[in-house]
Amino acid sequence: MDTFHATTVIAVRKNGQVALAGDGQVSFGNTVMKHSAKKVRRLYHDSILAGFAGSAADAFTLFTRFEAKLEAYKGQLLRSVVELAKDWRTDKILRNLEAMLVVADREQLFLVSGNGDLIEPDSGIIAIGSGGQFAYAAALALAQHTDLNAEELARKALGIAADICIYTNHQISVEVLG
């Protein structure tokens, strides 16, 4: 059976601003099924940003679980992602979910996966999904050689990924804090 290839999401934290950007393409096999999916959103009183790559149904399950953790821990991002990662790793049903999350507030940025990964990048940049490696490389280069802010970096890096990755398009949505 074909699998969904659904996305590129990038997060950039720079100079007190954090931006999370995602493209809009959802593909099934070699067919584009949707051009305008929204894969980034604001959570917990608009103070947390989250984006997903992978199966949409699995990602929505994770968003629901993550939102419950944010409520339980009063918006404490680190505590919430640690608890989500523990549940995701140990729960028999959650363990089979095929998605990854990038979550951020103004101070912290994390990648969370079902393998128990909880990564806070040194560079303040993280990208996931089909075009994630392209977006990540572009953002690192742009961060080193331009004065772009976090939102501009995320948009330009995602645009470069869309030029290269067949599973990424130019219909970019961005959420910004700061």
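All figures in this text were calculated on a predicted structure; none of them were measured in a lab.

How each quantity is defined
- Residues numbered from 1 in each chain as written.
- Predicted model: local features only at pLDDT ≥ 70, side-chain atom pairs only at ≥ 80, totals over all residues.
- Heavy atoms only, no water.
- Helix = DSSP H or I, 4+ residues; strand = E, 2+ residues; numbered from the N terminus.
- Rg over C-alpha atoms; globule rule 2.2 N^0.38 Å.
- Buried < 20%, exposed > 50% of the residue type's maximum accessible area, 1.4 Å probe, protein only.
- Contact = heavy atoms within 4.5 Å.
- Areas by Shrake-Rupley, 256 points an atom, 1.4 Å probe, with all protein chains shown as cover.
- Lys, Arg positive; Asp, Glu negative; His and termini not counted.
- Charge placed at Lys NZ, Arg CZ, Asp CG, Glu CD.
- Phe/Tyr/Trp six-rings, centres within 6.5 Å; stacked < 30°, edge-to-face > 60°.
- Pairing = 2+ DSSP bridges.
- Core = buried A, V, L, I, M, F, W, Y, C linked by side-chain atoms within 4.5 Å.

Draft legend 1. Local environment of the overall build of the protein. Looking only at helices and strands, the protein has four helices and twelve strands in total. Against the globule reference of 16 Å for 178 residues, the protein gives a C-alpha radius of gyration of 15 Å, in line with a compact fold. Projected onto its principal axes, the C-alpha positions of the protein cover 45 × 40 × 25 Å. Classification of the 178 residues of the protein by burial places 51% in the buried group. For the protein, restricting intrachain contacts to residue pairs at least 6 apart in sequence, the fraction spanning at least 24 positions comes to 59%. Of the roughly 8,700 Å² that the protein leaves accessible, carbon and sulfur atoms contribute 50%. Of the charged side chains in the protein, 18 are positive and 20 negative, and the gap between their average positions amounts to 4 Å.

Draft legend 2. Local environment of the packing of aromatic side chains. Overall, the coordinates contain three aromatic pairs when judged by the stated rule. Centroid distance Phe-60 to Phe-63: 6.4 Å. Interplanar angle 45 degrees. Geometry classified as tilted. With a gap of three residues between them, Phe-60 and Phe-63 both fall in helix α1 (residues 56–72), about one helical turn apart. Given a relative accessible area of 39%, Phe-60 falls into the partly exposed group. Connected via pairs of aromatic rings, a cluster forms that spans Phe-52, Phe-60 and Phe-63.

Draft legend 3. Local environment of the pairing of strand β6 (residues 40–43). Across four bridges, β6 lies against strand β7 (residues 48–54) in antiparallel orientation. In the strand pairing of β7, Leu-43 is matched with Ile-48. Hairpin connection, β6 to β7: the antiparallel pair is bridged by four residues, and Tyr-44 has positive phi, about 40 degrees.

Draft legend 4. Representation of the side chain of Thr-168 in the model. Assignment of secondary structure puts Thr-168 in the loop between α4 (150–164) and β12 (173–177). Judged by its relative accessible area of 5%, Thr-168 falls in the buried class. Leaving out residues up to four positions away in the same chain, Thr-168 has contacts with Thr-7, Thr-8, Asp-23, Gln-25, Gly-131, Leu-158, Ala-161 and Ala-162.

Draft legend 5. Highlighting the nonpolar core. Core analysis: the largest hydrophobic core is formed by 22 residues, its most contacted members being Phe-66, Leu-101, Val-103 and Val-112. For this core, the elements supplying multiple residues, two or more each, are β7, α1, α2 (77–90), β8 (99–104) and β9 (109–113). Ignoring any residue separated from it by four or fewer positions in sequence, one finds Leu-101 in contact with Gly-51, Phe-52, Leu-62, Phe-63, Leu-84, Phe-110, Leu-111, Val-112 and Ile-128. Within the second largest apolar cluster, 19 residues are counted, among which are Ala-21, Ala-127, Leu-148 and Leu-158.

Draft legend 6. Representation of the environment of Asp-23. Along the chain, the position of Asp-23 falls in the loop between β3 (17–22) and β4 (26–28). For Asp-23, a relative accessible area of 0% gives the class buried. Spatially, the C-alpha atoms of Asp-23 and Thr-8 are 5.9 Å apart, while their sequence positions differ by 15 residues. When neighbours within four sequence positions are excluded, Asp-23 is seen to be in contact with Thr-7, Thr-8, Ala-37, Lys-39, Leu-158, Tyr-167, Thr-168, Asn-169, Gln-171 and Ile-172.

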